[in-house]
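Examining the three-dimensional arrangement
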Amino acid sequence: MDFLRPDSWEEALAAKAEHPTAVPIAGGTDVMVEINFDHRRPEYLLDLNRITELSEWEVGEKTVRLGASVPYTKIMENLRAELPGLALASHTVASPQIRNRGGVGGNLGTASPAGDAHPALLAADCEVEVESVRGSRRIPIDEFYTGVKRNALAPDELIRAVHIDKADGPQQYSKVGTRNAMVIAVCAFGLAVHPETRTVRTGIGSAAPTPVRAKEAEQFLNSALEEGGFWDNGKIITPSVAKQFADLCSAACNPIDDVRGTASYRRHAVGVMARRTLTWAWESYRGNAARTEGVA
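Values in this document were obtained by computation on a predicted structure and should not be read as measured data.

**With respect to the domain arrangement of the chain**
Along its sequence, the chain is organised into domain 1 (1–46) and domain 2 (171–295). Computed over C-alpha atoms, the centres of domain 1 and domain 2 are 36 Å apart.

Okay, here's the thing in structure tokens:
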């Protein structure tokens, strides 16, 4: 196994073009586990730690450009207001040591359905900026996951950054695990309220071959909120609407039985998390709306 260590982004792209099978490593929190357990033995490792721009972020008017290697700890400390759902997800990642090393780019590159960042990214909406010596492009998050631990990257492409919509409303994240730390998700759920477009988006992790959105649940809820005038009247979402939303989120799952949990439990847990995160997020929205009216 050869170790490639470029000093710049341009050198990294050139190395990836010359060795398309090279596995990028930055935080190493996923790759090194696979190597240590002999589950993977790549011909080349491409070390990206000398490329400082990957650990930087920019806050724009509408989006945050998050470098692929920005550690979860930095997201928690610096981007809680702009990316609240991702900040909550970051809190659930493993241990402080791993949160100091791991980043969203690693989750996306590995594309494991159990990756903690995926539900939050799906709910917030974002684009993945990838590049090769041939040029750069942005992949919508809904098109990024192509199969079990597979993504839309070409063999010569590297993830440079993620462009995530800044929160225009409350966001929530919930995760079920066998304990509170150092655990792979049994299942996870992200939800984002988008008042500007009067929509709610979701993200489900570890309950299907890929991270997924509960699109039928979103369509039902968005119609119910609009038809019931909930965006304007600030009412509590009725239990029947919340239950139907939860049931549709459960139906969006396609889980398996494994050592962490059964398929039926995962479906049940996703429904519970969907109802709870919707309740929490909508209460925050109502509170924000009431405070805005009070100021006005």
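**Overview of the environment of isoleucine 237**
Considering the arrangement of structural elements, one finds isoleucine 237 in the loop between helix 9 (230–233) and helix 10 (239–251). Measuring from C-alpha to C-alpha, the distance between isoleucine 237 and leucine 225 comes to 8.1 Å, with twelve residues separating the pair along the chain. For isoleucine 237, the residues in contact, after removing those within four places along its chain, are Leu225, Phe230, Ala242, Leu278 and Trp282.

**Overview of helix 10**
End to end, helix 10 covers 18 Å across 13 residues, agreeing with the expected 18 Å (1.5 Å per residue, within 8%). Looking at helix 10, one finds that the buried residues are Val241, Ala242, Phe245, Ala246, Leu248, Cys249 and Ser250.

**A few points about the nonpolar core**
Grouped together as the largest cluster of nonpolar side chains are 33 residues, with contacts concentrated most on Phe189, Phe245 and Val270. At the level of secondary structure, the elements contributing two or more residues to this core comprise strand 12 (187–194), strand 13 (199–205), helix 8 (215–227), helix 9, helix 10 and helix 11 (263–295). A per-element tally of this core places helix 11 first, with eight residues. Grouped together as the second largest cluster of nonpolar side chains are 31 residues, Ala89, Leu108, Leu121 and Tyr145 included.

**Some remarks on the sheet that holds strand 3 (residues 44–47)**
One open sheet holds the three strands; their spatial order is 1-3-2, and the pairing between them is parallel. Every other strand in the sheet has two partners, leaving strand 1 (2–4) and strand 2 (23–25) as the edge strands with one partner each. Neighbouring strand axes in the sheet, compared pairwise and without regard to direction, differ in orientation by 30° on average. Pairing of strand 1 with strand 3 involves three bridges; the strand directions are parallel. The residue bridging phenylalanine 3 from the neighbouring strand is leucine 45, located in strand 3.

**Examining the sheet that holds strand 12**
Ordered by their spatial adjacency, three strands build an open sheet running 11-12-13, and the pairing between neighbours is antiparallel. Edge positions in the open sheet fall to strand 11 (171–176) and strand 13, since each of these has one partner strand only. Looking at each pair of strands side by side, their axes are set apart by 10° on average, direction ignored. Relative to strand 12, strand 11 runs antiparallel, the two sharing six bridges. Each bridged residue has a counterpart across the sheet, and for serine 174 the counterpart in strand 12 is phenylalanine 189.

Thresholds, definitions, all that
Residues numbered from 1 in each chain as written. Predicted model: local features only at pLDDT ≥ 70, side-chain atom pairs only at ≥ 80, totals over all residues. Heavy atoms only, no water. Domains from an automatic or database assignment. Helix = DSSP H or I, 4+ residues; strand = E, 2+ residues; numbered from the N terminus. Contact = heavy atoms within 4.5 Å. Expected span 1.5 Å × (residues − 1). Buried < 20%, exposed > 50% of the residue type's maximum accessible area, 1.4 Å probe, protein only. Core = buried A, V, L, I, M, F, W, Y, C linked by side-chain atoms within 4.5 Å. Pairing = 2+ DSSP bridges. Axes fitted to C-alpha atoms, helices over the stretch in contact; angles between N-to-C directions.

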